[in-house]
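Chains, contacts and geometry: an overview
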Amino acid sequence: KQQELPGYVPWPEEFVRRYREVGYWAGQTFGSMLRELAERYADRVAVVDGERRWTYSELDERADRLAAGLHRIGIRAQDRVVLQLPNVAEFFEVCFALWRVGALPVFALPAHRSSEITYFCSFTEAVAYIVPGHHAGFDYRALGYEAQGAAPSLRHVLVVGDDPGSFTSIDDLRDAPRPLADPAPSDVAFLQLSGGSTGVPKLIPRTHDDYLYSVRASAKICGLDPSSVYLAALPVAHNFPLSSPGVLGTLYAGGTVVLAPDPSPATALALIERERVTITALVPPLALLWLDSAARLEHDLSSLEVLQVGGSKLSEEVARRVRPTLGCGLQQVFGMAEGLVNYTRLHDPDDIILATQGRPISPDDEVRVVDDEDQDVPAGEVGHLLTRGPYTIRGYYRAEEHNRSAFTRDGFYRTGDLVRVTPEGYLVVTGRDKDQINRGGEKIAAEEIENHLLAHPAVHDAAVVAVPDAYLGERSCAVVVPRGEAPSAPALKKFLRERGLAAYKVPDLVKFVDAFAQTGVGKVSRKQLRESLAASLRP
Ligand code: J2J
């Protein structure tokens, strides 16, 4: 057995034993899963990307060939590889190839820019960075150069697509398959991104064992089988479309994954009709966009059985419109890349489906709702959600100090969500106590943006908070105390974009104030400050 990844916090031995005994952890790896799927579903279509259709055997063979090529250029077990691909078929080829080598994808999102990418590459000491070349009007190879400049560990920038420039194309890495040792199922399989509430994004180590359990159980809860057709409208690297049950759950069930290049109604609804899609997943603002779109009348959506909505709170009014308008069932999904995922079940009564965010996947998901002193609140009351279980991490990757506050001493993850539990055991999300803005499902860590703002010479202090928004649920607002003459709001936003921040993190609004409130005893905490600013901005 290989050495454990430094910076990974394993489950305590008694939990490992239990999760294996009960069969949650089935001792499988992603690589061996694909091998079995290729045997069972050989000629069935696994992935549809535009006019391309890859069968299960084709995907399996591609993964073998690329794994051999990655191995040839020196990529080895436990190496970290930052992966930033949009919804293209090669996403699967590359992931499974890395898993066959035992290397760890680090899942960046297509929206990330140099600020995020250089951090992921240097913090994880990545040996390679994989990009799409051009995509959606952006040249990712430029990020490749920046990453190389910033991360001495980076030996390769690999490009998917026709125009690698001076980098290596993955087309040149499709070697003859060679035998490679499969990683251990208990090994870390990849690093997923946390929504985050701290100055730098936290990385989430997920093992083959724990993640595959959540994928298998999710596929079952969502009724997936070989006739299922899943439309990936959200970016596939995000935990929701990746695993709840998402693209991996669909492959596990022998179904077909259809990749949408973008989630607009025009693109996605046409694909639903063309590919006879049965299930898809959206964040609430996109669900609203689909419901309001005239395009839904132009397409036959009769194949669609389930629309999953999650990532941020879905209002009951919007929830009510799903079945009458789109003709399909609704499933609410409340999950997190750290682990715990809750689903309303397909045959739950309407009041549960419309007004709750579901219940946990596993009988061994432990859920506590506590007050500020970590004491359980009376049943049904609102409190902080803590959780522990067979697919919830025990610590972020290489974050010893942060882990001391993000987890309780007995290993519960502090989700930062405020919830109550219904008598039927379903969770209702009522709010949040983490310093994060949930911009229609896209998460923004206040402190991360504040640090960027503070780098501006004319910014004395800054706080970033959420303001309510009819469409997105929340938008972000930077409240800035200028140093000397205040810069203009557009100039500040431009400054942030030029620092290489992903566009969704650039504050929607900028407000200037003379000073932040101080209490009699001294400075108020950042958290209190953000809370009072947010309250003052609410209409
Ligand atoms: C309210 N808040 C929600 C919901 C997530 C499935 C689905 C979503 C995610 C995800 C995921 C919410 N109502 N229905 O990983 O596998 C907020 C909570 C939560 C945070 C996690 C999955 N669904 N949230 O959104 O890691 O605040 O995962 O703690 O991006 O999103 O964000 P993230």
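Residues numbered from 1 in each chain as written. Predicted model: local features only at pLDDT ≥ 70, side-chain atom pairs only at ≥ 80, totals over all residues.

Attention shifts here to the overall build of the chain. Scanning the chain from terminus to terminus reveals 17 helices and 27 strands. In terms of principal-axis extent, the alpha carbons of the chain reach across some 70 × 55 × 55 Å. Relative to its 539 residues, the chain shows a buried fraction of 52%. (Helix = DSSP H or I, 4+ residues; strand = E, 2+ residues; numbered from the N terminus. Buried ≥ 20, exposed ≤ 12 C-beta atoms within 10 Å, placed from the backbone.)

What follows concerns the sheet that holds strand β22 (residues 427-432). Through backbone hydrogen bonds, the strands of a sheet pair up, either in parallel or in antiparallel fashion. Across the sheet, which stays open at both edges, the four strands sit in the order β19-β20-β21-β22 with antiparallel pairing between neighbours. Edge positions in the sheet fall to β19 (366-370) and β22, since each has one partner strand and no second. Adjacent strand axes in the sheet meet at a mean angle of 45° when their direction is disregarded. Here strand β20 (residues 383-388) pairs with strand β21 (residues 413-421) via four bridges, running antiparallel. Residue pairing for β21: Leu386 is matched across the bridge by Arg414. (Pairing = 2+ DSSP bridges. Axes fitted to C-alpha atoms, helices over the stretch in contact; angles between N-to-C directions.)

How big an interface is tends to be stated in terms of accessible area lost as the parts join. Parsing the chain into structural domains produces domain 1 (25-44 + 56-208) and domain 2 (436-537). The straight-line distance from the C-alpha centre of domain 1 to that of domain 2 is 34 Å. Taken together, the residues of the side of domain 1 that touches domain 2 sort by class into two nonpolar, eight polar and two charged. (Domains from an automatic or database assignment. Nonpolar A, V, L, I, M, F, W, Y, C, P; charged D, E, K, R; others polar.)

Before going further, it helps to spend a moment on the environment of Leu346. On the secondary structure map, Leu346 appears in the loop between β17 (339-343) and α13 (350-355). Residues Leu346 and Asp514 lie 168 residues apart in sequence; the distance between their C-alpha atoms is 52 Å. Setting aside residues up to four positions removed in sequence, Leu346 forms contacts with Gly223, Val306, Gly329 and Gln331. (Contact = placed C-beta atoms within 7 Å.)

Turning next to the site of the ligand. Taken together, the neighbourhood of the ligand is formed by 23 residues, with Asn239, Phe240, Gly310, Gly335 and Ala337 sitting nearest. Broken down by element, the residue count for the shell around the ligand peaks at five residues, all from strand β16 (residues 329-336). Along the lines of polarity and charge, the residues of the shell around the ligand split into seven nonpolar, 12 polar and four charged. (Near = placed C-beta within 6 Å.)

Within the span of helix α10 (residues 265-275), buried status applies to Pro265, Ala268, Leu269, Leu271 and Ile272. Along α10, the residues classed as buried sweep out an arc of 155° about the axis, all on the same side. Across α10 from its buried face, at more than 90 degrees, point the exposed residues Ala266 and Arg274. Buried residues in α10 make contact with β12 (229-232), β13 (256-259) and α11 (284-292). Where α10 ends, the next residue or the one after it, Arg276, has phi of about 55°, a positive value. (Arc of directions from axis to C-beta.)

Our focus in this paragraph is the packing of α11 against helix α12 (residues 316-326). In the contact formed by α11 and α12, the axes pass within 10 Å of each other and the chain directions differ by 40°. The angle between α11 and α12 falls in the class oblique. The two elements α11 and α12 meet at a crossing, and its hand is left-handed. For the pair formed by α11 and α12, the contact residues are Pro284, Ala287, Leu288, Trp290 and Leu291 on the first element and Val318, Arg321, Thr325 and Leu326 on the second. Classifying every residue of the contact of α11 with α12 by side-chain character gives seven nonpolar, one polar and one charged. (Parallel < 35°, antiparallel > 145°, perpendicular 65-115°, else oblique. Left-handed = near helix turned anticlockwise from the far one by under 90°.)

A few words on the UniProt feature "domain: AMP-dependent synthetase/ligase" (unreviewed entry) in the chain. As annotated by UniProt and renumbered to match this structure, "domain: AMP-dependent synthetase/ligase" (unreviewed entry) occupies residues 35-397. The straight-line gap between the two end C-alpha atoms of residues 35-397 is 29 Å; of that span, 33% is helix and 23% is strand. (UniProt positions renumbered as here; feature names shortened; annotations may be inferred.)

Now for the sheet that holds strand β25 (residues 459-469). Spatially, β25-β26-β27 is the arrangement adopted by the three strands of the open sheet, whose pairing is mixed. Both outer strands of the open sheet, β25 and β27 (509-512), are each paired with one neighbouring strand and no more. For this sheet, the mean angle separating the axes of adjacent strands, direction not counted, is 25°. One ladder, built from 10 bridges, connects β25 with strand β26 (residues 473-482); its direction is antiparallel. Looking at the pairing, Asp461 lines up with Val481 of β26. The sheet contacts of helix α15 (residues 446-454) involve β25 and β26, and relative to β25 the element is tilted by about 140°.

For the bond from Ser244 to Pro245, the omega torsion is -20°, close enough to zero to count as cis. Checked against the element boundaries, Pro245 lands in the loop between α8 (239-243) and α9 (246-252). Residue Asp374 is not a glycine yet carries a positive backbone phi of 65°.

This brings us to the environment of His460. Mapped onto the elements of the fold, His460 is located in strand β25. The class of His460 is partly exposed, set by 15 C-beta atoms lying within 10 Å. Taking C-alpha positions, His460 is 54 Å from Gly255, a pair spaced 205 residues apart along the chain. When near neighbours in sequence (up to four residues on either side) are disregarded, His460 contacts Val481, Pro482 and Arg483.

Another aspect to go through is the nonpolar core. If you look at soluble globular proteins, the nonpolar side chains tend to sit buried side by side. Formed by 145 residues in total, the largest nonpolar core has its most connected members in Val81, Val106, Ala126, Ala232 and Val258. Residue contacts for Val258: discarding those within four places in its chain leaves Val48, Val229, Tyr230, Leu231, Ala232, Leu271, Glu275 and Val277. In this structure, Ala446, Ala462, Ala463 and Ala502 belong to the second largest nonpolar core, which totals 24 residues. (Core = buried A, V, L, I, M, F, W, Y, C linked by C-beta atoms within 7 Å.)

Attention now moves to the environment of Leu492. Its location among the elements puts Leu492 in helix α16 (residues 489-498). Leu492 sits 229 residues away from Pro263 along the chain, and the two C-alpha atoms are 30 Å apart.

Between helix α2 (residues 30-41) and helix α4 (residues 90-101), whose axes approach to 8 Å, the crossing angle comes to 120°. One element, α2, and the other, α4, form an angle in the oblique class. Mapping the contact onto sequence places Phe30, Gly31 and Leu34 in α2 and Phe96, Trp99 and Arg100 in α4. The residue makeup of the contact of α2 with α4, split by class, is four nonpolar, one polar and one charged.

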